[in-house]
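The residues making up each chain are set out below.
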Amino acid sequence: MALIVHKYGGTSMGSTERIRNVAKRVAKWVRAGHQMVVVPSAMSGETNRLLGLAKEVSPEKATPQTMRELDMIASTGEQVSVGLLALALQAEGVAAVSYSGWQVPVKTDSAYTKARIESIDDARVRADLAAGRVVIITGFQGIDGDGHVTTLGRGGSDTSAVAVAAAMKAAECLIYTDVDGVYTTDPRVVPEARRLPVISFEEMLEMASLGSKVLQIRSVEFAGKYRVPLRVLSSFTPWDIPLAEEAASGTLITFEEDEKMEQAVVSGIAFNRDEAKVTIMRVPDKPGIAYQILGAVADANIDVDVIVQNVSHDGKTDFSFTVHRNDYARAIDLLKTKVGPALEANEVVGDAKICKVSIVGIGMKSHVGIAAKMFRTLAEEGINIQMITTSEIKTSVVIDEKYMELAVRALHKAFDLESPQAA
Ligand code: ADP
Ligand code: ASP
Ligand code: MG
């Protein structure tokens, strides 16, 4: 008997019929003798619908006050889900109780719409488990120190589940979703993508941070920090497949790098359309300039990702960086009205139609020429690279958004990700 956490995403909870299916699957685990905590998302489309309603009422700029209310609204999607799942389990003859984040409580900081979990009190959950109940906890939401409801950012139910698993010291956290594991790239973009039976924690962290939305990045960070055994698997297999078969399916995120894994130089390709590029032209090339520009951007609470400073001509240089698209207008405005004039820069230009494509693999640590192969592949497709950034286990390029799918497919092929991995 073990304590297991299941997480079900929006599609998996997408209708009452699917919720009944989830209940049957969870009941199977209960009957096998496990203590179960289940963390569901809102039904698919529900969070978008709720945020859409909010926008209809208040299209204005976000302020701390409006963001508080957004969390109040968006968090209700998950509350409906937990209640429905508890009812469905009870209908299966399984004792179950549902809780909102504040009832557990799941304590977070006060950063509305992107709050971070600080602690989870396990007393109430343990008491229910001891009494033989399945405990169903809302994903995506928590409560801050002043009692305000918060949400954890889009895709945040993954993080709720892993955080609950860490707090409860669960034997495993199983993330049930609408694909049967983590693939070499998004199978909706490249149908030839291949499921990885195992992926290293480091690679999963990169894939998630570079845009693979199969797991929210913070959930992977949590899993790493607390060593939570984590698996991504399908909620669309028949609920009555043998439990041992289900428990071994999907993709295991492993903390051990074995020799077999090192054979794959590139394990996966991630992409991200959420960024925009801004350039401040002809600023003086002298000490302190990067700080003056990026310091002002950081003060405005805008996160910067890729940064490029060009070589200078006649003591002047162009300075480019990428920001989240949601912050694009604010970044341009800040550069045009404040930073640019202070530096006597000529011009500020921007491009929101960019994307970032990345190759990821721990094998890159010990192989040379991988980045060159990436650049050659893109050149052969006639794709211009605007920016490059590398780390030990990834290389990312910023390119025109309209070439994204072409680039991902070409790279997937060039790095042999379609063929079965040598055993
Ligand atoms: P859920 O609602 O279950 O949280 P998400 O839509 O958040 O599901 O995440 C699952 C989706 O992630 C898949 O449907 C797939 O399109 C996408 N995805 C992106 N990159 C990958 C990848 N490398 N492997 C698997 N799925 C991926
Ligand atoms: N319901 C939230 C969202 O749509 C959280 C999640 O599904 O993980 O982003
Ligand atoms: Mg998700």
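Up top you'll find the structure we're talking about.
Computed from a predicted model, the values in this text were never measured in an experiment.

Calculation criteria
- Residues numbered from 1 in each chain as written.
- Chains lettered and ligands numbered in written order.
- Predicted model: local features only at pLDDT ≥ 70, side-chain atom pairs only at ≥ 80, totals over all residues.
- Heavy atoms only, no water.
- Near = heavy atom within 4 Å.
- Polar contact = N/O pair within 3.5 Å; in protein donor to acceptor, adjacent residues only side chain to side chain.
- Areas by Shrake-Rupley, 256 points an atom, 1.4 Å probe, with all protein chains shown as cover.
- Nonpolar A, V, L, I, M, F, W, Y, C, P; charged D, E, K, R; others polar.
- Core = buried A, V, L, I, M, F, W, Y, C linked by side-chain atoms within 4.5 Å.
- Buried < 20%, exposed > 50% of the residue type's maximum accessible area, 1.4 Å probe, protein only.
- Helix = DSSP H or I, 4+ residues; strand = E, 2+ residues; numbered from the N terminus.
- Phe/Tyr/Trp six-rings, centres within 6.5 Å; stacked < 30°, edge-to-face > 60°.
- Axes fitted to C-alpha atoms, helices over the stretch in contact; angles between N-to-C directions.
- Parallel < 35°, antiparallel > 145°, perpendicular 65-115°, else oblique.
- Left-handed = near helix turned anticlockwise from the far one by under 90°.
- Contact = heavy atoms within 4.5 Å.
- Salt bridge = Lys/Arg side-chain N within 4 Å of Asp/Glu carboxyl O.
- Pairing = 2+ DSSP bridges.

J.: Please clarify how the site of ligand 2 should be interpreted in this entry.
T.: If you check the shell around ligand 2, you find Ser 41, Ala 42, Thr 47, Glu 78, Phe 140, Arg 154, Gly 155, Gly 156 and Ser 157 and nothing else. At 3.4 Å, a backbone N or O of Gly 156 approaches an oxygen atom of ligand 2. Between ligand 2 and Ser 157, the relevant distance is 3.0 Å, taken from an oxygen atom to a main-chain nitrogen or oxygen of the residue. Computed on the free molecule, ligand 2 has an accessible area of 260 Å², of which 87% lies beneath the protein chains in the complex. When its residues are assigned to classes, the shell around ligand 2 shows 2 nonpolar, 5 polar and 2 charged.

J.: Even after reading the chapter, I still don't get the nonpolar core, so can you show me in this structure?
T.: Proteins that are soluble and globular tend to have nonpolar side chains buried together. With 44 residues, the main nonpolar core has Val 5 and Cys 173 as its most contacted residues. The element contributing the most residues to this core is helix α6 (residues 157-168), with 7 residues. One finds Ala 23, Ala 88, Val 94 and Tyr 176 within the second-largest nonpolar core, a separate group that totals 23 residues.

J.: Looking at this structure, I do not really get the packing of aromatic side chains. What am I missing?
T.: Two numbers describe a pair of aromatic rings. These are the distance of the centres and the angle of the planes. Tallied over the full model, the rule gives 4 aromatic pairs. Seen in terms of ring centroids, Tyr 8 and Tyr 176 are 4.7 Å apart; in terms of plane orientation they differ by 15°. Their pairing is stacked. Remark: Tyr 176 occurs in strand β9 (residues 172-177) and Tyr 8 occurs in strand β1 (residues 3-8); sequence separation between them is 168 residues. Both rings, one in Phe 319 and one in Phe 321, keep their centres 6.3 Å apart while their planes meet at 65°; by these two values the pair is edge-to-face. Each of the two residues, Phe 319 as well as Phe 321, counts as buried.

J.: Just to check I follow, could you spell out the site of ligand 1 for this structure?
T.: Not every one of the 17 residues close to ligand 1 is listed here, only the nearest: Thr 177, Asp 178, Tyr 183, Asp 186 and Arg 188. A distance of 3.1 Å is found between an oxygen atom of ligand 1 and a backbone nitrogen or oxygen belonging to Gly 10. One nitrogen or oxygen atom from the side chain of Arg 188 is found 2.5 Å from an oxygen atom belonging to ligand 1. When the free accessible area of ligand 1 is taken as 580 Å², the share hidden by the protein chains comes to 84%. By residue class, the composition of the shell around ligand 1 is 6 nonpolar, 6 polar and 5 charged.

J.: Any chance you could explain the packing of helix α13 (residues 370-380) against helix α14 (residues 404-414) here in plain terms?
T.: Where α13 contacts α14, the two axes come as close as 10 Å, and the packing angle between them is 130°. When the axis of α13 is compared with that of α14, the two are oblique. Helix-helix and strand crossings are classified by hand; for α13 and α14 the assignment is right-handed. Counting all contacts with α13, which are made through Lys 373, Met 374, Thr 377 and Leu 378, the residues of α14 involved are Ala 407, Ala 410, Leu 411 and Ala 414. Residues belonging to the contact of α13 with α14 are distributed by class as follows: 6 nonpolar, 1 polar and 1 charged.

J.: What should I look at first to understand helix α11 (residues 289-299) in this one?
T.: Within the span of α11, buried status applies to Ile 289, Ile 293, Gly 295 and Val 297. Phi turns positive, to about 65°, at Asn 301, one or two residues after α11.

J.: Explain the pattern of salt bridges to me, please; I cannot follow it from the model alone.
T.: Between side chains of opposite charge, a pair can form as their charged atoms come close. Evaluation of the coordinates by the stated rule reveals 20 salt bridges. Residue Arg 49 pairs with Glu 46 through a salt bridge whose shortest N-O separation is 2.9 Å. Taken together, the residues span about one helical turn, with Arg 49 and Glu 46 both in helix α2 (residues 46-57) at a distance of 3 residues. The shortest N-O distance in the salt bridge between Asp 305 and Lys 356 comes to 2.5 Å. Separated by 51 residues along the polypeptide, Asp 305 in strand β15 (residues 304-309) and Lys 356 in strand β18 (residues 354-360) bring together distant segments of the chain. Look at Asp 305 and you get partly exposed, because its relative accessible area is 35%. The exposure class assigned to Lys 356 is buried, which follows from its relative accessible area of 4%. Among the charged side chains, a network of salt bridges with common partners joins Arg 25, Lys 28 and Glu 246.

J.: What is the right way to look at unusual backbone geometry in this model?
T.: Negative phi characterises most residues that are not glycine, and trans characterises most peptide bonds. In the segment running from Val 104 into Pro 105, the intervening peptide bond is cis, with an omega of -10°. Its place among the elements puts Pro 105 in the loop between β3 (96-99) and β4 (106-108). Phi at Lys 169 is positive, roughly 50°, even though this residue is not glycine. Mapping Lys 169 onto the fold places it in the loop between α6 and β9.

J.: I tried to follow the sheet that holds strand β20 (residues 394-400) on my own but got confused; where do I start?
T.: Sheet strands pair by backbone hydrogen bonding; their relative direction is either parallel or antiparallel. Strand order across the open sheet formed by 4 strands is β13-β18-β20-β19, with antiparallel pairing between neighbours. Strand pairing shows two members of the sheet lacking a second neighbour, β13 (268-272) and β19 (387-391), which therefore form its edges. Between one strand axis and the next, the sheet turns by 20° as a mean value, whatever way the strands run. Here β19 pairs with β20 via 5 bridges, running antiparallel. Bridge assignment links Ser 391 to a residue of β20, and that residue is Lys 394.

J.: When you look at the pairing of β18 in this model, what are you seeing that I'm missing?
T.: Each regular strand displays side chains that alternate between the two surfaces of the sheet. Of all 7 residues making up β18, 7 are buried, and the element is well covered by its neighbours. By the alternation rule, side chains of β18 split into Ile 354, Lys 356, Ser 358 and Val 360 and Cys 355, Val 357 and Ile 359, which are all buried. Sheet analysis places β18 next to β20, joined by 7 bridges and oriented antiparallel. Opposite Val 357, over in β20, you have Val 397 as the bridge partner.

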